[in-house]
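Examination of the molecular architecture
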Amino acid sequence: MGRHLSTFLLLLLFANSVFSWKKDEFRNCNQTPFCKRARTRKPGSCSLIASDVSISDGDLVAKLIAKQSSQDVSEDQGPTKPLVLTISAYQDGVMRMKIDEDQSLSPRKKRFEVPDVIEPGFLNKKLWLQRLKEDKDENGPISVVYLSEGYEAVIRHDPFEVFVRESGENGKKVLSLNSHGLFDFEQLREKEEGEDWHENFRSHTDKRPYGSQSISFDVSFYEADFVYGIPEHATSLALNPTRGPGIEFSEPYRLFNLDVFEYVHDSPFGLYGSIPFMISHGKSRGSSGFFWLNAAEMQIDVLGTGWNDENSSVLMLPSDQKRVDTLWMSEAGVVDAFFFVGPGPKDVVRQYTSVTGAPAMPQLFATAYHQCRWNYRDEEDVFNVDAKFDEHDIPYDVLWLDIEHTDGKKYFTWDRMLFPNPEEMQKKLAGKGRRMVTIVDPHIKRDESYYIHKEASEKGYYVRDSTGKDFDGWCWPGSSSYLDMLNPEIRSWWAEKFSYENYVGSTPSLYIWNDMNEPSVFNGPEVTMPRDALHYGDVEHRELHNAYGYYFHMATANGLVKRSDGKDRPFVLSRAFFPGSQRYGAVWTGDNTADWDQLRVSVPMLLTLGLTGISFSGADVGGFFGNPDTELLVRWYQLGAYYPFFRAHAHHDTKRREPWLFGERNTEIIKESIRVRYMLLPYYYTLFRQANVSGIPVIRPLWMEFPSDEKTFTNDEAFMVGNSILVQGIYTERAKHVDVYLPGDQPWYDMKTGAAYKGGVTHKLEALEESIPSFQRAGTIIPRKDRTRRSSTQMENDPYTLVIALNSSKEAEGELYVDDGKSFEFQQGAYIHLRFTFSNGKLTSTNMAPATAGSRKFASRSTIERIIVVGLSPGPKTALVEPGNHKADVERGPLLLRGGPAPSSVLTIRKPNVNIADDWTIAIL
């Protein structure tokens, strides 16, 4: 009893330190030596020059050596030994640049390069460079190689610089590295007598056995108005400058995965995930991108206009090109950087995901509504919540269980007092087409009676501390150790734990949630693992920290694939993330708070995740911490219904907030928001398939669809769902009106009423209680399913509605993707992919799915129930359906999304009696 009490008190102490964000518990740049050093460097301080430039094995290779000191060179003489630079070209306008220590000169150890992130197929797209062009420009010798159609890669010899430019003598720059001479690479060396390499933060000491090994450099984006990306931060979509006149040494954007409970909005502070990928955009050229594959802590400055005015005399390459300058700083690793030429924003995202992988195709149920809480108490609570959804006729697909469902915080177990029949519980929900999710975290309780711990300990599968012993830290179970997921053998072992034999009480309808995988260590420095902990191959934790959760997510997702013998797609939600996480499942924005600012910041956070490859993301609807007032909760449901990942979640100290607990009127409004999502599931599923193929995100900044419209560049209160729907949130209490900017020169149609609004202007609209503004773009066709069911599974064979919004030319187009919603058979061609076009008064449907030998067929019993056409001229109409040459009923002015009366320009064709898998045409006469 005494031992359990002391454990409880220690956990309470550590948990309290986590449960409110305290600025002084986390390091800032001045407390982070590599960041502080890098920020003190002056433009032109890099003394490296490129020598021995040649082509070898299809790559451009060079040595970077320190220039001899002279009166006109900085006192910084750079690395003591040459560095090796390699430039490779890949299909579709991707350049890869690596800089590392010369292994032939026997450095102390091989610097860490992040494995298992680059998509294997990408490496097969390498272009074999054969011709090196030696040239000169106004600044001296350069070497030029072909990159892609219209672009060249250039290395400047003295001073060293790498850039991509448009082809031709006077080709404009697109991206450059070290154009300001800020490159620095701290090489591994032997410790000299009297040197002290350890670092302290608060009560923690980092032993640093290899000394300083940081890297920093400047990157410039030309013809750019703004830069975006580098999640995760609770801040604006367009990244604000962190240095420059009037911003004197603000904090840089930090990339260091941390458990930050109740985080603050509008801050560059790093949160749960890290993706060192930045995308630029400007009106004159378009977009470009830069990605640094590095898993160590990173700090990134966005340098405002005039940041280097005091040092303009040593600016390496004066340029009349408009640009955004940035400074990238990392604690360790190598330079493994990718340049993406664009030129459009969708091109850059496609190029980036060709390197890190396109988002996985989720199961259909995962794109519907999820109900979660820390914690649903027991089986009775689960059944009561499930029954209440049915009683109030509210659809949902997934019910979640947090850590309290386990036996003493031991994952893969059940508290048999609270959940005596877990398999029966899951099967009862599955009978209604519903699933369950349980939580599985990376900390393993150090309990000799716990089979996971016993086996991991015996096999030596834990991360080790700096002395070589199993690392022991504190998390929810108390004393815990952490599996070394860098090791592929351990990931494979972990995956086996999800089999039905090993995870007793699990069924095919149970899926997984990875939380706390930054990793969170309550008594560790900054609530995480010490940087000098050791992983597989004696890799220090500092070198791979940001990728730890990624490997855990990967192993868990592979485990769910294994348990189904490779048949079913996994669903795993992860809090921590890294480049490539999109291949393994969904993420969410972590422990947000129930306030209006957090509702507001959720939009740029999710848009940023989409830009950096992670399409399947969401924020806790209602806010995880605190009790939202009813209006905030309702507004959050209205907005959250459009998130790619739609889940309500709450802390165990909050009041219960299931949708029916806020009065009949509010229940109806929340119900309607959830139903809107279910109606749009066919459209969302089609967008997830588009992301799976191209990387283009499900929800998008307005400028991704309207790249020349400067009014969209900083607008992160509204967003596009695909290319067809614009959603504007309402982020203030008791709002009477809301301003909505509708870009483009074509009309937009209110999705509730069909009323037309002019494009290219800002409309001041009444803030309605029952919905937030949403509009369909002219020229698009949206597929829906309008019948209300308990879950998405029960909608499988329901008929479709097509909503056609005509542009000024009376034309429109759209797509619908359908497969079995769960298996991998779509990869063998078992799907329907329809393309709809409306032109000259005729709607045509064509199946674009492959019909080649070996492709698996997919059939559907679903038909088209209604076709709603918005924007037609008034007048009597009939509809003729081919094949069959039969007429369909036509009427004017139906309801759209259960709104008020539609205008006379809305026409409905009822029951045309066509199967979605067939090719057909419908002519409106």
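Residues numbered from 1 in each chain as written. Predicted model: local features only at pLDDT ≥ 70, side-chain atom pairs only at ≥ 80, totals over all residues. Heavy atoms only, no water.

Now for the sheet that holds strand S31 (residues 572-574). Read from one edge to the other, the open sheet built from eight strands follows the order S33-S32-S31-S28-S24-S23-S22-S34, with strand pairing classed as parallel. What marks the edges here is a single partner per strand, and that holds for strand S33 (617-618) and strand S34 (646-648). Across two bridges, the pairing between strand S22 (residues 369-371) and strand S23 (residues 398-401) is parallel. Counterpart to His 370 in the pairing with S23 is Val 398. Across the sheet, helix H5 (residues 379-391) touches S22, S23 and strand S24 (435-439), and the angle it forms with S23 is around 155 degrees. (Pairing = 2+ DSSP bridges. Helix = DSSP H or I, 4+ residues; strand = E, 2+ residues; numbered from the N terminus. Contact = heavy atoms within 4.5 Å. Axes fitted to C-alpha atoms, helices over the stretch in contact; angles between N-to-C directions.)

Attention shifts here to the sheet that holds strand S27 (residues 478-482). Taking strand neighbours across the sheet as the criterion, the three strands line up as S25-S27-S26 in an open arrangement whose pairing is antiparallel. The open sheet has two edge strands, strand S25 (443-445) and strand S26 (473-475), and neither has a second partner. Shown here is a sheet whose adjacent strand axes are inclined to one another by a mean of 60 degrees, direction ignored. As judged from the three bridges shared by S25 and S27, these two strands associate in the antiparallel manner. Pairing of His 443 across the sheet is with Tyr 482, part of S27.

Here the focus is the nonpolar core. One finds Leu 483, Trp 494, Phe 571 and Val 721 to be the most contacted residues of the largest nonpolar core, which totals 184 residues. Sort the elements by how many residues they give to this core and helix H11 (residues 596-611) lands first, with nine residues. Among the nonpolar cores identified, the runner-up in size contains 50 residues, and Val 53, Ala 89, Leu 147 and Val 174 belong to it. (Core = buried A, V, L, I, M, F, W, Y, C linked by side-chain atoms within 4.5 Å. Buried < 20%, exposed > 50% of the residue type's maximum accessible area, 1.4 Å probe, protein only.)

To continue, consider helix H7 (residues 451-459). Every buried residue of H7 is listed here: Ile 452, His 453 and Ala 456. The arc that holds the buried residues of H7, viewed along the axis, is 95 degrees, so those residues lie on one side. Where H7 is buried, its residues touch S25 and helix H8 (488-496). A positive phi of about 70 degrees marks Gly 460, the residue just after H7. (Arc of directions from axis to C-beta.)

A cis amide bond links Trp 374 with the next residue in sequence, Asn 375, at an omega value of 10 degrees. As for its position among the elements, Asn 375 is in the loop between S22 and H5. Cis geometry is found at the peptide bond from Glu 518 to Pro 519, where omega equals 5 degrees. Its location among the elements puts Pro 519 in the loop between strand S28 (510-514) and strand S29 (534-535). The phi dihedral of Asp 266 falls on the positive side, at around 60 degrees, and the residue is not glycine. Relative to the elements of secondary structure, Asp 266 occurs in the loop between strand S16 (253-255) and strand S17 (277-282). Taking relative accessible area as the criterion, Asp 266 reaches 55% and is therefore assigned exposed. Of note, the phi angle at Lys 911 is positive, near 50 degrees, even though the residue is not glycine. You can see Lys 911 is positioned in the loop between strand S51 (906-910) and strand S52 (920-924). Given a relative accessible area of 59%, Lys 911 falls into the exposed group.

With respect to the helices and strands, the residue Tyr 451 is situated in helix H7. Residue Tyr 451 is classed as partly exposed on the basis of its relative accessible area, which comes to 34%. Sequence-wise, Tyr 451 and His 157 are 294 residues apart; in three dimensions their C-alpha atoms are separated by 59 Å. When residues no more than four places from it in sequence are discounted, the contact partners of Tyr 451 are Phe 412 and Asn 502.

Turning our eyes to something else, we now look at the packing of H8 against helix H10 (residues 548-563). Relative orientation of the contacting elements H8 and H10 amounts to 45 degrees, with a least axis distance of 8 Å. Judged by the inter-axis angle, H8 sits oblique to H10. Judged by the twist between their axes, the crossing of H8 over H10 is right-handed. On H10, the residues that touch Arg 491, Ser 492, Trp 494, Ala 495 and Glu 496 of H8 are Tyr 551, Phe 552, Met 554, Ala 555, Thr 556, Asn 558, Gly 559 and Lys 562. (Parallel < 35°, antiparallel > 145°, perpendicular 65-115°, else oblique. Left-handed = near helix turned anticlockwise from the far one by under 90°.)

In this fold, Thr 507 is placed in the loop between H8 and S28. A relative accessible area of 5% means that Thr 507 is categorised as buried. Sequence-wise, Thr 507 and Arg 866 are 359 residues apart; in three dimensions their C-alpha atoms are separated by 38 Å. Excluding its chain neighbours within four sequence positions, the residues that come into contact with Thr 507 are Glu 423, Gln 426, Tyr 500 and Arg 563.

Tallying each qualifying case throughout the model produces 56 aromatic pairs. On the numbers, 6.2 Å between centres and 90 degrees between planes, the contact of Phe 340 with Tyr 352 is edge-to-face. With Phe 340 in strand S21 (residues 335-340) and Tyr 352 in helix H4 (residues 345-356), the pair connects residues that are 12 residues apart, well separated along the chain. Exposure remark for Tyr 352: the relative accessible area of 0% places this residue in the buried category. Within the aromatic cluster, the residues linked to one another by ring pairs are Phe 365, Trp 400, Tyr 511, Trp 513, Phe 571, Trp 588, Phe 616, Phe 645 and Phe 688. The side chain of Arg 677 reaches across the aromatic face of Tyr 684, ending 4.1 Å from its centre. (Phe/Tyr/Trp six-rings, centres within 6.5 Å; stacked < 30°, edge-to-face > 60°. Lys NZ or Arg CZ within 6 Å of the ring centre and 35° of its normal.)

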